[in-house]
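Report on the structure
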Amino acid sequence: MVGGLKRKHSDLEEEEEEKWGWGPAGLRSYQQALLRISLDKVQHSLGPHAHCLRRHVLIHNTLQQLQAALRLAPAPALPPEPLFLGEEDFSLSATIGSILRELETSMDEAEHPPNPVTPPGPQDEALPQPDPVFLESLSSQYLGDSGLDDFFLDIDTSAIEKEPVLAPPEPSHSLFCAPGSWEWNELDHIMEIILGS
Amino acid sequence: MFLCVFFPGAGGGNDIQWCFSQVKGAVDDDVAEADIISTVEFNHSGELLATGDKGGRVVIFQQEQENKIQSHSRGEYNVYSTFQSHEPEFDYLKSLEIEEKINKIRWLPQKNAAQFLLSTNDKTIKLWKISERDKRPEGYNLKEEDGRYRDPTTVTTLRVPVFRPMDLMVEASPRRIFANAHTYHINSISINSDYETYLSADDLRINLWHLEITDRSFNIVDIKPANMEELTEVITAAEFHPNSCNTFVYSSSKGTIRLCDMRASALCDRHSKLFEEPEDPSNRSFFSEIISSISDVKFSHSGRYMMTRDYLSVKIWDLNMENRPVETYQVHEYLRSKLCSLYENDCIFDKFECCWNGSDSVVMTGSYNNFFRMFDRNTKRDITLEASRENNKPRTVLKPRKVCASGKRKKDEISVDSLDFNKKILHTAWHPKENIIAVATTNNLYIFQDKVN
């Protein structure tokens, strides 16, 4: 499976570079997908995982890295959409901060008033809500992107034959998603999740 | 004493031939949550093997005394005592349930006929005394055998009560309860070599206790920041040095280990040594930090080395060298390309433990698909074995397993995509003196021994 995809993708890469390009745009979508998975985890982890501080901290640190990377990454060559990430008014750090504050009040000594841990509900200042603009923009930017739709239609999995997987090319950026690499397959998987939701 | 037999054709196995010995636990695939094994520990002689589970129970197995004449195998382990160590609690102030799951068990060295162990859940540590009763007094003057008191006026002669044998009864009783000292969740307990004190570690703090004193403990490490929003690192494991009663280590979620000397100051916030390996830039990814998080740290029996387990590897550190480990063993490097999926399904947060054999020559740790791995430090050979009921004929040598990372899968190999990530071996233990190992799958305990004769 991997071999077939690799061949097809490298063909696609030349064709699609203007429309999609697995350069900065691909990396950006990968990062944003990771961001979404991470935020999902944070939102859902006020249940059975509520007491796992280590997990919270690790996810939080990953979110920070993603945010930093998305700020640094060049703007993709796509129709201009509001850059919801990295903008000052999108309070990702505030969201993360409020998550940890929520944890502190729920776990720490009772110097704070009791603050019951409940699943995400309405308008509680202590409960983190990712910016709705962010989530909507994430889905609208990529679900509506015709380049992306065409890309998936073009993958011909029937022509796949088994091939030994070649080592991925040395990335210029350590997080670059090279065609045929494991990240490629992971990105594929992530895009399926996003499209499926 | 054990037989060292060269295993022909193993191509990567070590010199010991491991055989299935026993399996404990329910057979059916439907696992009751309370039966999930959460800790496994041999006592100092290896005669007793304790397990803790998610339901707060402790089960202790005792090794049969070997029949010296026909030593086909070492004695079997049979249930010796079962008791409910911890119950679920509810913290009304914070509206949080406190799980009864036993996180760790540590045995005290035996001082008299009774055995003592410490067991802990997220919040409370308990000292349990396990004692045998195999005789009882009979022949009281003022009491009947059933316990009713006799009318003293009916007593015409006096006799001396005597002890008579009875069926062996093993009793477990809680002798100390060490509570209310941890705001966060306890991940480790470790008994000091002075056998009088022990430490307990949670995500942000480490406390020192005296075994006799329950109403107070000393805080010796505190990494909680003033502002919780600045929290980026937690304590993941801690252990006392086996010989130096003033020395302990603790590991962190950022892959560092700090060695502290309690003589330096009361609050050991400044480490004496910091062990950290610089990151390999070619392997850098968004998951680098998560996979560097140390899930277990164990000193060697000699006290000269310590071993750490992170998500993909086991590292051996010389206490005299802080800047890198002296040995690194890859447990399941083929998972490196799957980190995104493992992050999504939370497997990347699994905390695997590791252990040394009695002579510190071999180390062992668990993996997925009910596989576990052993690394021989001297021969540099490693082996992958599986804990499965399919191999359960006693004295049948276990067949080594191999995972095919990529390319054409050979016969008998398993491809990475076929691995069952729900079958994880997080807890393993090695008998302190012999080649007997205890390996816990989700709800079963497997005991393997090396082949004798």
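Attention here is on the structure that accompanies the text. Since the structure is predicted, the reported quantities are computational estimates derived from the model, not experimental observations.

The rules we used
- Residues numbered from 1 in each chain as written.
- Chains lettered and ligands numbered in written order.
- Predicted model: local features only at pLDDT ≥ 70, side-chain atom pairs only at ≥ 80, totals over all residues.
- Heavy atoms only, no water.
- Helix = DSSP H or I, 4+ residues; strand = E, 2+ residues; numbered from the N terminus.
- Contact = heavy atoms within 4.5 Å.
- Areas by Shrake-Rupley, 256 points an atom, 1.4 Å probe, with all protein chains shown as cover.
- Lys, Arg positive; Asp, Glu negative; His and termini not counted.
- Charge placed at Lys NZ, Arg CZ, Asp CG, Glu CD.
- Expected span 1.5 Å × (residues − 1).
- Buried < 20%, exposed > 50% of the residue type's maximum accessible area, 1.4 Å probe, protein only.
- Core = buried A, V, L, I, M, F, W, Y, C linked by side-chain atoms within 4.5 Å.
- Pairing = 2+ DSSP bridges.
- Axes fitted to C-alpha atoms, helices over the stretch in contact; angles between N-to-C directions.

**Structural notes on the overall build of chain B**
- A count of helical and extended segments in chain B gives two helices and 32 strands.
- On the principal axes, the C-alpha backbone points of chain B span a range of 90 × 60 × 40 Å.
- Within chain B, counting contacts between residues at least 6 apart in sequence, those at least 24 apart form 55% of the total.
- Roughly 21000 Å² of accessible area belongs to chain B as shown, and the carbon and sulfur atoms make up 48% of that amount.
- Between the averaged position of the 58 positive side-chain charges in chain B and that of its 67 negative side-chain charges there is a distance of 4 Å.

**Topic: helix α3 (residues 53–72) of chain A**
- The terminal C-alpha atoms of α3 of chain A, which comprises 20 residues, lie 29 Å apart, in line with the 28 Å expected from a rise of 1.5 Å per residue.
- Burial runs high along α3 of chain A: 16 of the 20 residues are buried.

**Details of the nonpolar core**
- Tyr311, Leu335, Tyr343 and Ile348 of chain B are the most contacted members of the largest nonpolar core, which totals 37 residues.
- Of all the secondary-structure elements, those providing two or more residues to this core are α2 (24–44) and α3 of chain A together with α1 (288–292) and α2 (339–344) of chain B.
- With seven residues, α2 of chain A is the single largest residue contributor to this core.
- Not counting residues within four places of it along the chain, the set of residues in contact with Leu335 of chain B comprises Tyr311, Leu312, Leu342, Tyr368, Val416 and Phe421 of chain B.

**Focus: the sheet that holds strand β12 (residues 188–191) of chain B**
Residues and elements named next belong to chain B.
- Spatial ordering of the open sheet is given by β12-β13-β14-β15, a layout of four strands whose pairing is antiparallel. The open sheet has two edge strands, β12 and β15 (213–222), and neither has a second partner. Neighbour-to-neighbour, the strand axes of the sheet open up by a mean angle of 25 degrees, direction not taken into account.
- When strand β14 (residues 205–210) meets β15, the two strands line up antiparallel, connected through five bridges.

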